[in-house]
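# Coordinates in review
Read off the chains here:
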Amino acid sequence: MAVATQQPKAATRLVAPPKESVVDRFLRYVRIDTQSQEDQTSTPSTKKQWTLANLLADELRQLGASNVRVSEHCVVYASIPSNLPEGTSRVPTIGFLAHVDTSPAVSGENVRPVFHANYRGGDIQLPGDPSQVIKVAQNPLLEGLIGDDIITTDGTTLLGSDDKAGVATIMTLVDLLLSNPDVRHGPISIGFTPDEEIGSGIDKFDVAAFGAEFAYTVDGGELGEISDETWSARLATVTFHGKSTHPGTAKGMMVNSIHALGHFVTLLPGNMLPETTEDRVGFVHPYIGTADVETSTLKVLLRDFELSGLEDKERILRENAAKTERAHPGVTIAIEVKENYKNMKEVLKHHPELTENVFEAARRAGVTPFSKPIRGGTDGSKLTFRGLPCPNIYTGGHNFHAKTEFNSRRGLEKTTETLVHLVQIFAERSTVAH
Ligand SMILES: [Zn+2]
């Protein structure tokens, strides 16, 4: 198969700069409070997420994006048609996704971003709360940011770079592509979602209407960090059945399930807990329960990158339950296991070009790419199993969900550049003669 003559050059130069710099755009979006809230029955969980969603839709229209709309659940959709010459072979529709909400863990009200121009090194004390210090000792990456402009908060709120960095870089991508028609790309879908931080927004995302074959969430951290792997996750609910009687006349009759629960917890392997593991090592995590004489319950998260590792952890729980029953005659223990989500690598391994292309895009942007498995789930992992394979791309952000959250001018600019290269790489690599 010969390469077609219309193949775009590897590094098409952008002619026009964006109408607004990615940094200015970011500084504008982080000031808008979009905090989501746990335990709400509706999506979006908070009304304030509409403010940013509607603003983004307006701005997408102004930039000239197509099919811009906001769904009844506060999901923003838009698209950019292909600008490849006719006769070019088919290029897949690539989607880009970011979430508008910020974590319920730390306030996102009255975010006052602080711009530390030309960072000279050293700890960064945040002006609004002297106890909030971004320390080099805890953030060795700061050494690499000398000369960059660092963006923090004043120390009283989170920054919301998670994920307004994703939103701002995708919006700047749209701006750049629509004002630079010489940059060749296939069809592009854009999506901004609510309630990522509480895990429910993506359930309202319409994969079919989005219309992409593949997508990327732009919701990662350090420049270069690309994730195509997440936990495989299950939830075990362990129920301990005892027998309640009046304690005054309980001798020989009462079977207190609380003692069995305590025994079971002591049997959990100490080297297999969130507080004792990192990197690719999975864990079991008892995190909530109820204690009552008659019936006690314990919920345990099971996490591993390998399905076989999850099976092992489930087996350990069942063995420990049998041991506990033997040690506490009269107690019966039931274990119910539910699947939460699966490692997206199970699907993405069949689409290696998604990871390869973003690695190449990073290199073209002057960023060294590396893989980082996510010790959690992402919206992308859920979408992957709903038929939209979806790795995660860096944003340059650090210290998510904390008052010490920060990003930098270079972080935002290099992420944007990566996205611009990425759409061109898909166009180049698909553009072959018939
Ligand atoms: Zn995020």
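Just so you know, these numbers come straight off a predicted model, no measurement behind them.

Rules behind the numbers
- Going along each chain's sequence as written, the residues are numbered from 1 onward.
- For this predicted model, a pLDDT threshold of at least 70 governs which residues receive local features, and a threshold of 80 or more governs which side-chain atom pairs are given and counted, while totals over whole chains, interfaces and linings are taken from all residues.
- Each side-chain value is worked out from all heavy atoms of the structure, with water and hydrogens disregarded.
- A fitted line through C-alpha atoms serves as each axis, taken over the contacting stretch for helices, and the angle formed by two N-to-C directions is quoted from 0 to 180°.
- What counts as a helix is a DSSP run of H or I of at least four residues, what counts as a strand is a run of E of at least two, and both are numbered from the N terminus.
- Convention used here: angles under 35 degrees read as roughly parallel, angles over 145 as roughly antiparallel, angles from 65 to 115 as roughly perpendicular, and any remaining angle as oblique.
- Left-handed describes a crossing in which the near helix is turned anticlockwise from the far one by less than a right angle; the clockwise case is right-handed.
- Any two residues whose heavy atoms approach within 4.5 Å are treated as being in contact.
- Under the convention adopted here, Pro, Cys and the residues Ala, Val, Leu, Ile, Met, Phe, Trp and Tyr are nonpolar, Asp, Glu, Lys and Arg are charged, and Gly plus all remaining residues are polar.
- Within this scheme, the nonpolar core is defined by two criteria: the residues are buried Ala, Val, Leu, Ile, Met, Phe, Trp, Tyr or Cys, and they are joined through side-chain atoms within 4.5 Å.
- Residue burial is assigned from relative accessible area. The probe radius is 1.4 Å, only protein chains are included, and a residue is buried under 20% of its type maximum, exposed over 50%, and partly exposed in between.
- A score from 0 to 100, pLDDT tells how confident the predictor is in each residue.
- Water is absent from the atoms considered, so a metal site may look incomplete; donors are defined as N, O and S atoms within 2.8 Å of the metal, or 3.2 Å for Na, K and Ca.

The subject of this paragraph is the packing of helix H1 (residues 22-30) against helix H2 (residues 49-63). Orientation of H1 relative to H2, taken along the N-to-C sense of each, is 150°, at an axis distance of 11 Å. Comparing the axis directions of H1 and H2 gives the class roughly antiparallel. Note on packing geometry: the crossing formed by H1 with H2 is right-handed. Touching Arg25, Arg28 and Tyr29 of H1 are Leu52, Leu55, Leu56, Glu59 and Leu63, all from H2. Broken down by class, the residue content of the contact of H1 with H2 amounts to 5 nonpolar, no polar and 3 charged.

Core analysis: the largest hydrophobic core is formed by 62 residues, its most contacted members being Phe26, Leu60, Phe96, Phe192 and Tyr216. With 9 residues, helix H3 (residues 161-179) is the single largest residue contributor to this core. Residues contacting tyrosine 216, with those up to four places away along its chain left out, are Ile94, Gly95, Phe96, Leu97, Leu354, Asn357, Val358, Cys390, Pro391, Ile393, Leu422 and Phe426. In terms of nonpolar packing, the next biggest core, distinct from the first, is built from 21 residues, Val238, Phe240, Ala260 and Ile335 among them.

On average, residues of the protein chain carry a pLDDT of 94, and 96% of them reach 70 or more. A low-confidence stretch, residues 1-10 (pLDDT under 50), is modelled with 17 contacts involving residues beyond four sequence positions or located in other chains.

Our next topic: the coordination of the zinc ion. Each pair of donors in an ideal octahedron of six around a metal sits at 90 or 180 degrees, and each pair in an ideal tetrahedron of four sits at 109.5 degrees. Around the zinc ion, the donor atoms from the protein are His99 (NE2), Asp162 (OD), Asp219 (OD) and Asp219 (OD), and they sit 1.9 to 2.6 Å away. Each donor residue of the zinc ion lies on the same chain, and together they follow the pattern H-x62-D-x56-D. Residue histidine 99 is located in strand S3 (residues 94-99), and its partner aspartate 219 is located in the loop between strand S9 (214-218) and strand S10 (225-227); the two are separated by 120 residues in the primary sequence.

Let us now look at the environment of valine 207. Within the secondary structure, valine 207 sits in helix H4 (residues 207-210). In this structure, the C-alpha to C-alpha distance between valine 207 and leucine 383, residues 176 residues apart in sequence, is 7.8 Å. When near neighbours in sequence (up to four residues on either side) are disregarded, valine 207 contacts Leu383, Arg386 and Leu388.

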